[in-house]
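# Survey of secondary and tertiary structure
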Amino acid sequence: MAETAPPAGTDPIAERIAAWGGWRAGTLTRIRELIREAVPGVREELKWLKPTNPLGVVAWSHAGLLCTGEAYRGKVKVTFARGASVPDPAGLFNAGFGGGTRRAIDLAEGDTLDAEAFRQLVRAAADLNEAAKAAKARAR
């Protein structure tokens, strides 16, 4: 399915998040706020639109993919594309340890997310992307 630009004046990310409803929408709205605070100007988009998921997946990028946000029946999942390489001194990552690249944070209803530690994690992911992009440019 081809991605098209949203009509002027709409916020497709907010609409996608609101579609989940309840505590999941509230959690993802807060995550969105924290990401935007951590990386001003972060790129937000809906990716991977397809018939089985017509609303797509919320994704945040800065010099490459930072993370995605998805809601499931019993949890909200924030998956960091290069999470295995991102320092996590507060131990926020609690899922996705089976792979060599991605790490995730799973939040259930009522869970509390340490806002400052999360902003630091997002900023570290952005810094990692910037460094990788700069190294690639130098190699050319």
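Shown above is the structure to which this text applies.
Basis of the calculations
Residues numbered from 1 in each chain as written. Predicted model: local features only at pLDDT ≥ 70, side-chain atom pairs only at ≥ 80, totals over all residues. Heavy atoms only, no water. Helix = DSSP H or I, 4+ residues; strand = E, 2+ residues; numbered from the N terminus. Expected span 1.5 Å × (residues − 1). Buried < 20%, exposed > 50% of the residue type's maximum accessible area, 1.4 Å probe, protein only. Pairing = 2+ DSSP bridges. Axes fitted to C-alpha atoms, helices over the stretch in contact; angles between N-to-C directions. Contact = heavy atoms within 4.5 Å.

A few words now on helix α2 (residues 22–38). Across its 17 residues, α2 extends 25 Å between first and last C-alpha, which sits within 8% of the 24 Å expected from 1.5 Å per residue. Within α2 the residues assigned to the buried category are Ala25, Leu28, Ile31, Arg32, Leu34, Ile35 and Ala38.

As a further point, take the sheet that holds strand β2 (residues 57–61). Across the sheet, 5 strands lie side by side as β1-β2-β3-β4-β5; this open sheet has antiparallel pairing. The outermost strands of the open sheet, each flanked by one partner alone, are β1 (43–47) and β5 (103–107). Going across the sheet, the axis of each strand differs from the next one's by a mean of 20°, ignoring polarity. Of the strand pairs in this sheet, strand β3 (residues 65–71) and strand β4 (residues 76–80) are connected by 5 bridges, and their pairing is antiparallel. By the bridge assignment for β4, Thr68 is matched with Thr79. Against the sheet, α2 makes contact with β1, β2, β3, β4 and β5, and its axis sits at roughly 30° relative to β4, the strand it touches most.

When you tally the buried positions in β2, you get 5 out of 5 residues, the bulk of the element. Judged by which residues are buried, β2 turns out to be covered on both faces: Val57, Ala59 and Ser61 on one side and Val58 and Trp60 on the other are all buried. The pairing of β1 with β2 spans 5 bridges and is antiparallel. Directly across from Lys47, in β2, lies its bridge partner Val57. Counting the residues that bridge the hairpin from β2 to β3 gives 3 residues, and of these Ala63 lies at a positive phi of roughly 60°.

To continue, consider unusual backbone geometry. Even without being a glycine, Trp48 presents a positive backbone phi close to 55°. On the accessibility criterion, Trp48 (44% relative accessible area) is partly exposed. We note that Ala63 has phi near 60°; this positive angle belongs to a residue other than glycine. Assignment of secondary structure puts Ala63 in the loop between β2 and β3.

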